[in-house]
Amino acid sequence: MAASKKKVLIIAGHGEGDPGACSVWGQEADYTRELACLLHSALKSKVKATMYDQTKNCYEQSRKGNVPNYTSYDATLEVHFNAKAKKDPQGDGKFTGIGGYVHPSNAAGRKIAQAIMAEVAMLGFGQWGVFDSVGLLNLNNAQRQGAAYFLLETAFIDDGDDMAWYTKNKAEAARAIAQGILKGLGLNSRADKPKATGLQENNAAAETGTGYKITAACDVLNIRAGAGAGHPVVGIIREKEGQKKQYTIVEEKNGWGRLKSGAGWVKLSRVKRVDGEPGGFQPYTITTTCDVLNIRIGPGAANPLSGAIREKEGQKRQYTIVEEKNGWGRLKSGLGWVSLHYTRRTSWQERRQP
């Protein structure tokens, strides 16, 4: 009788409205989900790899009492990207590197952590270190259950050297991390080369928010796994003129809309909005997801700065977006354009004033 596969739980840190650490390189929650998908791809033929629901934030869910059953798995890896006290987003020629946290009494988690560090070191990346912790909620919950757990700090999102290396070598890094997990579990298997960077494999994409309705503006509309043409096609909407059904968009990103059904993302330039104010853009409000959000004179990072929004957590104001273009939004105030990647939408529609 064949031996059963080892079971691994992969948790992408932050999300569910929490962007995590932010820098000019982007948001932590986006990177953790991308890496979690790469790890799943590298591991799934060797172990039974389970992805924690990527629409959720495990920390927030656990605070509410929805704690995973860590004992169902032989190992849990929670993926994060760290941030420095002294930020270095442009780089100074030095890595801060990979590291993470393990409970001082979690020998199985430490074994996996050390194996991951050794595998990544062979790629030439810096080593930040593995540190003991007794102050992290998910770590302590796993420890109380007697389960192997390691919180991985993959790189420092505000260290330019770390992120330049990681973004260039993310597939190799994911494979090395996956190999460390296998070694830490005592397996001799070789991790697979991960496929399709950025693939979002949400395993429970139930929607609770509201959005707006659209119909396809073409006969065949591809549905993709993520917000971009580089993501694999996971479905197709095929319809005939005069017989088109309505679909609900619950999130927008870089000109793409996420379907409420959980099926995936569609390109918004190939759909027609059928509710709300006819024939025009619906202004909406946003808040920032970072402390400093640059304002530019046009929609794109190449445009000169015209100002900045500087705010503190808990004291954030709302701003109105009156136009979108290529992932950028124009402020109603007339100050300029902001990258929507660093904002959170707080209203789905706002009526134009008569």
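This text goes with the structure placed above it.
To start, this report covers the structure provided alongside it. (Residues numbered from 1 in each chain as written. Predicted model: local features only at pLDDT ≥ 70, side-chain atom pairs only at ≥ 80, totals over all residues. Heavy atoms only, no water.)

**What to know about the overall build of the chain**
Move 1: Helix and strand counts for the chain stand at five helices and 22 strands.
Move 2: In the chain, buried positions account for 49% of the 354 residues.
Move 3: Put simply, 71% of the contacts in the chain that link residues at least 6 apart link residues at least 24 apart.
Move 4: Total accessible area on the chain is roughly 17,200 Å²; 49% of this is exposed by carbon and sulfur atoms. (Helix = DSSP H or I, 4+ residues; strand = E, 2+ residues; numbered from the N terminus. Buried < 20%, exposed > 50% of the residue type's maximum accessible area, 1.4 Å probe, protein only. Contact = heavy atoms within 4.5 Å. Areas by Shrake-Rupley, 256 points an atom, 1.4 Å probe, with all protein chains shown as cover.)

**Observations concerning a nonpolar patch on the surface**
Move 1: A surface patch of nonpolar side chains, about 210 Å² in accessible area, is lined by Val 220, Val 233 and Ile 236.
Move 2: Within the secondary structure, Ile 236 is located in strand S11 (residues 233–238). (Patch = residues over 30% accessible without salt bridge, like charges linked within 9 Å, V, L, I, M, F, W, Y side chains within 5 Å. Salt bridge = Lys/Arg side-chain N within 4 Å of Asp/Glu carboxyl O.)

**Let's talk about the pattern of salt bridges**
Move 1: Under the counting rule described, the total for this entry stands at seven salt bridges.
Move 2: Its salt-bridge partner being Lys 46, residue Asp 192 comes within 3.6 Å of it at the nearest N-O pair. Here Lys 46 lies in the loop between helix H1 (28–43) and strand S4 (48–51) and Asp 192 lies in the loop between helix H5 (160–184) and strand S9 (212–216), a separation of 146 residues in the sequence.
Move 3: When its relative accessible area of 26% is taken as the criterion, Lys 46 is described as partly exposed.
Move 4: Between Lys 183 and Glu 119 there is a salt bridge, with its nearest N and O atoms 2.8 Å apart.

**What to know about the side chain of Asp 162**
Move 1: Within the fold, Asp 162 resides in helix H5.
Move 2: Buried within the structure, Asp 162 lacks any salt-bridge partner; its nearest side chain of opposite charge belongs to Lys 84, at an N-O separation of 7.0 Å.
Move 3: A polar contact is formed between the side chain of Asp 162 and the backbone nitrogen of Thr 96, at a distance of 2.9 Å.
Move 4: One polar contact links the side chain of Asp 162 to the main-chain amide nitrogen of Gly 97, over a distance of 2.9 Å.
Move 5: In this structure, Asp 162 is in contact with Phe 95, Thr 96, Gly 97, Phe 125, Ala 155 and Phe 156, ignoring residues within four places of it in sequence. (Lys, Arg positive; Asp, Glu negative; His and termini not counted. Polar contact = N/O pair within 3.5 Å; in protein donor to acceptor, adjacent residues only side chain to side chain.)

**Notes on helix H3 (residues 107–121)**
Move 1: Taking 1.5 Å per residue as the helical rise, H3 with its 15 residues ought to reach 21 Å, and the 21 Å between its terminal C-alpha atoms agrees with that figure.
Move 2: Taken together, the buried positions of H3 are Gly 109, Ile 112, Ala 113, Ala 115, Ile 116, Met 117, Glu 119 and Val 120.
Move 3: On its buried face, H3 sits against strand S5 (75–82), strand S6 (98–102), strand S7 (127–132), strand S8 (149–156) and H5. (Expected span 1.5 Å × (residues − 1).)

**Section: the packing of H3 against H5**
Move 1: Following both chains from N to C, one finds H3 and H5 inclined at 140 degrees, their axes separated by 7 Å at the closest point. If you check the angle between H3 and H5, you find them oblique. For the crossing formed where H3 meets H5, the hand is right-handed. Packed against H3, whose contacting residues are Lys 111, Ile 112, Ala 115, Ile 116, Glu 119 and Val 120, the element H5 presents Ala 176, Ile 177, Gln 179, Gly 180, Ile 181, Lys 183 and Gly 184 at the interface. (Axes fitted to C-alpha atoms, helices over the stretch in contact; angles between N-to-C directions. Parallel < 35°, antiparallel > 145°, perpendicular 65-115°, else oblique. Left-handed = near helix turned anticlockwise from the far one by under 90°.)

**Structural notes on the pairing of S7**
Move 1: In this structure, S6 lies alongside S7, joined through five bridges in parallel fashion. Looking at the pairing, Val 102 lines up with Asp 132 of S7. (Pairing = 2+ DSSP bridges.)

**Brief notes about the pairing of strand S16 (residues 284–288)**
Move 1: Summarising burial for S16: five of the five residues are buried, a large majority.
Move 2: Along S16, one buried face is formed by Tyr 284, Ile 286 and Thr 288 and the opposite face, lined by Thr 285 and Thr 287, is buried too.
Move 3: Across three bridges, the pairing between S16 and strand S19 (residues 319–325) is antiparallel. Paired with Tyr 284 across the bridge in S19 is Ile 321.
Move 4: Where S16 lies against strand S22 (residues 343–345), three bridges are found, and the strand directions are antiparallel. Paired with Ile 286 across the bridge in S22 is Arg 345.

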